[in-house]
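# What the coordinates show
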Amino acid sequence: MKQSLLLFVVICLIISCKQNKEEASNATSLTVAEKIAKAHGFKQWKQVSKMEFTFNIDKDSSHFERAWTWYPKTQDVQLIIAKDTIRYNRNTVDSLSIQADKSFINDKFWLFIPFQLVWDTRTNISTPVVEDAPISKTSMHKITLTYPNDGGYTPGDAYDLYFQDDYIIKEWVFRKGNKEKPSLVSTFEKYKDFNGIKLALEHKKAEGSWNLNFTNVSVVLE
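Position numbers for residues count from 1 along each chain, tracking the sequence in the order it is written. Where local features are concerned, this predicted model is filtered to residues with pLDDT of at least 70; where side-chain atom pairs are given and counted, the filter is 80 or more; whole-chain, interface and lining totals use all residues. Side-chain measures were taken over the full set of non-hydrogen atoms in the model, leaving aside hydrogen atoms and water.

### Let's talk about the side chain of S97
Short version of the rule: Secondary structure follows DSSP: runs of H or I at least 4 residues long count as helices, runs of E at least 2 residues long count as strands, and numbering of each begins at the N terminus. We call two residues in contact when some of their heavy atoms are within 4.5 Å.
When you line up the elements, S97 lands in the loop between β4 (84–89) and α3 (98–119). Setting aside residues no more than four positions away along its own chain, S97 makes contact with Y88 and T92.

What follows is the structure, encoded as C-alpha cells:
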C-alpha cells in the first residue's frame with residue numbers, strides 16, 4: 001500500500017514538472033505583442049459574442065460620445081450618436097457606412113490596442129527598449145507599433161507603447177504619419193476586468209482636463 005502511494009506521488013510530481021516546463025517553454029516562445037495581448041485577456045476573446053461600449057471625450061465643460069454595439073463573430077455594428085442610429089456590417093462597408101466605420105475603428109483602437117497588436121498583421125513592432133514613460137517619468141519597457149504607408153484609414157501612423165513587467169499598457173504616444181513630434185500623449189488607467197478581458201477605461205493627458213473614457217462597457221461571452 002505504501003509503495004503504491006509513493007509511486008502515485010512520484011508520477012504526479014513528474015507530470016507536474018513536465019507541465020511546468022511546457023508552460024515555461026510556451027511563455028518564452030511568445031512575441032512581446034502576444035505577451036501584451038495575453039496579459040490583457042486575449043485568451044477570452046474567442047468566446048466574445050457581443051461588445052457594447054460608449055466612447056466619450058470630456059474636455060473642460062464639453063462632452064462628446066458615441067455608443068457602439070459590436071458582434072465580432074458576424075461583424076455587425078450599431079452606432080448611436082446624438083439622435084441617429086446607424087447599422088452596418090464591416091464585411092460590406094459602402095459609401096453610406098464608411099464614415100461610421102472610420103469612427104468605429106478609431107474608438108475600438110483605443111479600447112483594444114493590446115489586441116490590435118496581434119490582430120493587425122501588416123504592422124511593424126520594434127524590439128523592446130527601456131525608457132522613462134512620458135507622463136509618469138517611470139522607467140518602463142517601450143515598443144513602437146508602426147502601420148504601413150498604404151491601406152487602412154490612417155496609413156503610416158506610429159504608436160509608442162509603455163508597459164511594465166506585467167505587460168499591462170500604462171501610457172502611449174501617438175505620432176501621426178510616424179513623425180518624430182508626438183500628436184497625442186496619454187495614460188492608460190482605471191483598468192477593469194470584463195469576463196477575463198482587462199480594459200483601460202480612462203486616458204488622460206499630462207495637463208488640462210481632457211479625459212477620453214469608456215462607459216457602459218459590456219462583454220458578453222458565448
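Picking up where we left off.
### With respect to the nonpolar core
We count it as follows: Throughout, nonpolar core names a set of buried Ala, Val, Leu, Ile, Met, Phe, Trp, Tyr and Cys residues whose side chains join them through atoms within 4.5 Å. For every residue, the accessible area (1.4 Å probe, protein chains only) is compared with the maximum for its type, and the residue is labelled buried under 20%, exposed over 50%, or partly exposed between those bounds.
Ranked by internal contacts, the top residues of the largest apolar core, which has 44 residues, are M51, W172 and F214. Top element by residues in this core is α3. It accounts for nine residues.

### Re the sheet that holds strand β1 (residues 48–59)
Rules: Pairing between strands requires that DSSP locate at least two bridges from one strand to the other. The angle between two axes is taken between their N-to-C directions and runs from 0 to 180 degrees, where each axis is a line fitted to C-alpha atoms and a helix contributes only its stretch in contact.
A sheet is described by the order of its strands in space; here seven strands give the open sequence β4-β3-β2-β1-β13-β12-β11, paired in antiparallel fashion. Looking along the sheet, the strands with just one partner apiece sit at the ends: β4 and β11 (189–194). Going across the sheet, the axis of each strand differs from the next one's by a mean of 15 degrees, ignoring polarity. Across the face of the sheet, α3 comes into contact with β1, β2 (62–71), β3 (76–81), β4, β12 (197–204) and β13 (211–221) while running at roughly 70 degrees to β2.

### Overview of the packing of aromatic side chains
As a reminder of what qualifies: Aromatic rings from Phe, Tyr and Trp, with only the six-membered ring used for Trp, were paired whenever their centres fell within 6.5 Å, and each pair was classed as stacked if the ring planes differed by under 30 degrees, edge-to-face if by over 60, and tilted otherwise. Only lysine NZ and arginine CZ atoms are considered, and such an atom sits over a ring when it is within 6 Å of the ring centre and within 35 degrees of the ring normal.
For the structure shown, the criterion picks out 25 aromatic pairs. Here F42 and F115 contribute two aromatic rings whose centre-to-centre distance is 5.1 Å and whose plane-to-plane angle is 65 degrees, an arrangement assigned as edge-to-face. Residue F42 is found in the loop between α2 (32–39) and β1, and its partner F115 is found in helix α3; the two are separated by 73 residues along the sequence. Among the aromatic residues, ring-to-ring pairing joins F42, W45, W68, W70, F104, F112, F115 and W119 into one connected group. One cation-aromatic arrangement involves K205 over W210; the distance from NZ or CZ to the ring centre is 4.7 Å.

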